[in-house]
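# Observations on the model geometry
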Amino acid sequence: MAKTAEEIQRDLLRPVLKTSWRFVLVVAGLGICVLAGFSAWMYQATNGIGVAGINRPVFWGFYITNFVFWIGISHAGTLISAILRLSNATWRRPITRCAEVITVFALMIGAMFPIVHLGRPWLAFWLVPYPSERGLWPNYRSPLLWDFFAINTYLIGSVSFLFLPIIPDCALLRDRSSGWRRRLYSGLCLGWRGTQKQWQQLETAMHIMAIVIIPVAVSVHSIVSWDFAMTPVPMWHSTIFAPYFVAGAIFSGIAALIVAMVLLRSFLHLEEYLTAQCFDNLGKLLLVMSLLWFYFVFAERLTTWYGNAKPEMAVLWLTQRGPFRQLFWVMLCCNFVIPFPLLAIKKLRTIPGTFIASVTIIAGMWIERYLIIVPSLSHKFLPYTWGSYRPTWVEITITSVTFCAMALLFIVFSKIVPVVSVWELKAGLPPGSRPAGASDRDGQLEPVQILGAPS
Amino acid sequence: MKPQNALYALCSRPQAEKSLVALVSAGIAMDNIVVISSEPLDHYQVRRRKKTLMPWLVVCGAALGGTAGFLLATLTQASYPIATGGMSVVTFWTDGIIIYELTMLGAILSTILVFLSTSTLLEWRSLPVEPEVSAGKVLIGVASVPQRLRERVAELLSAFGEVKQYH
């Protein structure tokens, strides 16, 4: 990158310090959409869960599909960012914050859905383990309680992992702003000055967080998969579910990251930072995950087909030949048939190519979550309990609005904090890329001479 | 605590390296020399990595979290037993998940607490805020200059950049 440190700083702080009418317009539009979704939820809370399509035997429909989908998307960030940080991949610098932000917001949206699904959201605190006069104590055998612990741990970890590298950028903004903004950033940077001791502590803390957050991320989606796998329902009670879900989560997460990066690149004019190389590398990762996803789908279905158990086969044929067949083949096209050539052929692995592949993968992964949940619940072991599910406008509205909510949160965040880490990009510059007067390396003393100086 | 008797020079990165050597040669202890920059100065030899206790404190935090998870799961299962149809009331396979998550939570929280307490919160008011640092300059100096060395330090620093005095 030919940019100097000063230019990097100016380019990346510009979207934060200057507000255009387009920003206001987009925020207003998305805000109205989110309000519509909130109204739909309030309509459901007022009139009861009966206004949603979920009913016996399909108690889990769109809401739990959204829960699994968004928790999966949240794997993009922290996991990718942590792995790239630990491996010290230099191309990570422009993308890590974007990835970490996706994690936090996707997790917040995902964690909201069990509460939306409750019907009586004001009783959500019953999930919290505390002794109460009701004599109820949450069951530690229940995967739903494991979710509570796993998601909260992951949320706290992801927020911390996002916040730590933001601190020095907030100090930069403190020095570049005035009025309420200065007060805001003075608070956010927690007294950061930039001493070498502080830099060392920050790097150590981020290194530790990167190590800790990877197993947490894996555990979260494993536990989400056990919500299903611990239940004796056809095609759910399977040992493959935990790695299958984790692979699917990373797959959809990378796709979401690419989509977010392309949009940011275009709207915030970050073409010189989010380069074609970043997309090429992420495209290769996406290709590997696409192959892995296909492998898991094939392994799962082959084992079911070979076992030929009647209840399992009923569900399997439901998705191959029955009413869910169109969705199944659309999913396969979205997750494998379309992305594979786009990502495997170098000429097609361009920014538009990876963007198209990522959009289809996001759609495909949502359908995959739906196909895991609904067909199995509609055809459980006893045929007299079989039923069907059709989502209502309430569920469709809330589902659509989550995408707007994600966009809104992301845009508002990009207004408060630079979406590309300024100090990390500057730290990656070679010494020759400094502004005039600061790039002179003449007369530099040998490191040994300095470090060996008497103290 | 406001910065007292502090002398700093605002200079470029290469000058910061030189001034560091000059200060050390003048008898200022490395621990008293403060270098403030807007990014880690990996390419410049003004950093001195010190051993940190942070990883060990994080391990302690994780152990504390794990113990809390173990106690929460097992003691409460025993205190509020549910009907299990003759199967064990305290279930270690499932309790393991709670213990694991709380171990990780302990590690995460202790990382944050140790970081905040050792790097920012304690130095909130003891170090100067210099807007020029965010423009790419480096602030190097001595946080608390002994009276006998005051003139000498000021003279040394002035050779490398504009000297700033903080009281």
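Cut-offs applied
Residues numbered from 1 in each chain as written. Chains lettered and ligands numbered in written order. Predicted model: local features only at pLDDT ≥ 70, side-chain atom pairs only at ≥ 80, totals over all residues. Heavy atoms only, no water. Salt bridge = Lys/Arg side-chain N within 4 Å of Asp/Glu carboxyl O. Helix = DSSP H or I, 4+ residues; strand = E, 2+ residues; numbered from the N terminus. Buried < 20%, exposed > 50% of the residue type's maximum accessible area, 1.4 Å probe, protein only. Polar contact = N/O pair within 3.5 Å; in protein donor to acceptor, adjacent residues only side chain to side chain. Contact = heavy atoms within 4.5 Å. Axes fitted to C-alpha atoms, helices over the stretch in contact; angles between N-to-C directions. Parallel < 35°, antiparallel > 145°, perpendicular 65-115°, else oblique. Nonpolar A, V, L, I, M, F, W, Y, C, P; charged D, E, K, R; others polar. Domains from an automatic or database assignment.

## Concerning the pattern of salt bridges
All names here are of chain A. As enumerated under the stated definition, the model contains 12 salt bridges over all chains in all. The salt bridge partner of Lys 284 is Asp 280, with a shortest N-O separation of 3.4 Å. Of the two residues, Lys 284 and Asp 280 both sit in helix H11 (residues 276-307), four residues apart, roughly one turn of that helix. Here Arg 349 makes a salt bridge to Asp 280, at a shortest N to O gap of 2.8 Å. Of this pair, Arg 349 sits in the loop between helix H14 (339-344) and helix H15 (351-378) while Asp 280 sits in helix H11, and the two are 69 residues apart along the sequence. For the pair formed by Arg 349 and Asp 280, the shared burial category is buried. The network of salt bridges with shared partners includes Arg 85, Arg 92, Glu 100 and Glu 424.

## Some thoughts on the side chain of B:Ser19
Residue and element names in this part refer to chain B. Relative to the helices and strands, Ser 19 is located in helix H1 (residues 13-25). Side-chain polar atoms of Ser 19 contact the backbone oxygen of Ala 16, separated by 2.9 Å. Residues in contact with Ser 19, not counting those within four places in the same chain, are Cys 11, Ile 140 and Phe 160.

## Notes on unusual backbone geometry
Residue and element names in this part refer to chain A. Omega for the peptide link from Arg 56 to Pro 57 comes to 5°, which places this bond in the cis form. Looking at the element boundaries, Pro 57 is found in the loop between helix H2 (21-47) and helix H3 (62-73). Its identity as a non-glycine residue notwithstanding, Asn 88 has a phi of 55°, on the positive side. Positionally, Asn 88 belongs in the loop between helix H4 (75-86) and helix H5 (96-118). The exposed category is assigned to Asn 88, whose relative accessible area is 53%.

## Notes on the packing of helix H1 (residues 5-17) of chain A against helix H7 (residues 166-176) of chain A
Geometrically, a packed helix pair is captured by the angle between its two axes and the distance between the axes. Residues and elements named next belong to chain A. Look at H1 against H7: their axes get within 12 Å of each other, and the N-to-C directions meet at 80°. On the basis of their axis angle, the class for H1 and H7 is roughly perpendicular. Residue-level contacts link Glu 6, Gln 9, Leu 13, Val 16 and Leu 17 of H1 to Leu 172, Leu 173 and Arg 176 of H7. Here the contact of H1 with H7 is composed, by residue class, of five nonpolar, one polar and two charged.

## As for the side chain of A:Asp11
Tracing the backbone through its elements, the reader meets A:Asp11 in helix H1. The residues contacting A:Asp11, other than those within four sequence positions of it, are A:Lys3 and A:Tyr273.

## Some details on the domain arrangement of chain B
As far as domains go, chain B holds domain 1 (6-50 + 125-166) and domain 2 (56-118). Computed over C-alpha atoms only, the centres of domain 1 of chain B and domain 2 of chain B are separated by 46 Å.

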